[in-house]
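Structure assessment
Below, each chain spelled out in residue letters.
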Amino acid sequence: MAVAHMQNSQLRLVLHDGNDPVSGDPIYKAKSFNNVKTDATADQLYAIANAFAGLQERPLFNIERKDSSDIRSGE
């Protein structure tokens with residue numbers, strides 16, 4: 001059986017940067033924070049993301065976590 005071992009994690013804030021003047025579609029910008037503790041909970045990341053969002057000029061649209069894992073044989 002294979003096992004996954006999380007190697008690193010990244011927190012990404014997606015911010016609303018207005019709307020495209022031609023199409024009217026929303027425009028988003030992202031700020032990424034690397035080296036997030038891999039054992040951080042969703043509640044912890046949510047709290048920190050909202051604290052960082054308060055320091056931004058643009059409103060927060062979404063919070064994302066990106067994890068990277070190694071998958072190996074469990075034998």
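These notes cover the structure that comes with them.

Some remarks on unusual backbone geometry
Phi at N35 takes a positive value of approximately 60°, unusual for a residue other than glycine. Tracing the backbone through its elements, the reader meets N35 in strand 2 (residues 26-36).

Remarks on the sheet that holds strand 1 (residues 2-19)
Reading across from one edge, 2-1-3 is the order of the 3 strands in this open sheet, with antiparallel pairing throughout. Edge positions in the open sheet fall to strand 2 and strand 3 (60-73), since each of these has one partner strand only. Going from strand to strand, the sheet's axes swing by 25° on average, the running direction of each strand aside. With 8 bridges joining them, strand 1 and strand 2 adopt antiparallel strand pairing. Paired with L13 across the strands is K31, a residue of strand 2.

Comments concerning the side chain of S9
Tracing the sequence through the fold places S9 in strand 1. We classify S9 as buried; its relative accessible area is 3%. In terms of polar contacts, S9 uses its side chain to reach the side chain of D67, at 2.6 Å. Leaving out residues up to four positions away in the same chain, S9 has contacts with F33, N34, N35, V36, K37, T38, R65, K66 and D67.

About the criteria used
Residues numbered from 1 in each chain as written. Predicted model: local features only at pLDDT ≥ 70, side-chain atom pairs only at ≥ 80, totals over all residues. Heavy atoms only, no water. Helix = DSSP H or I, 4+ residues; strand = E, 2+ residues; numbered from the N terminus. Pairing = 2+ DSSP bridges. Axes fitted to C-alpha atoms, helices over the stretch in contact; angles between N-to-C directions. Buried < 20%, exposed > 50% of the residue type's maximum accessible area, 1.4 Å probe, protein only. Polar contact = N/O pair within 3.5 Å; in protein donor to acceptor, adjacent residues only side chain to side chain. Contact = heavy atoms within 4.5 Å.

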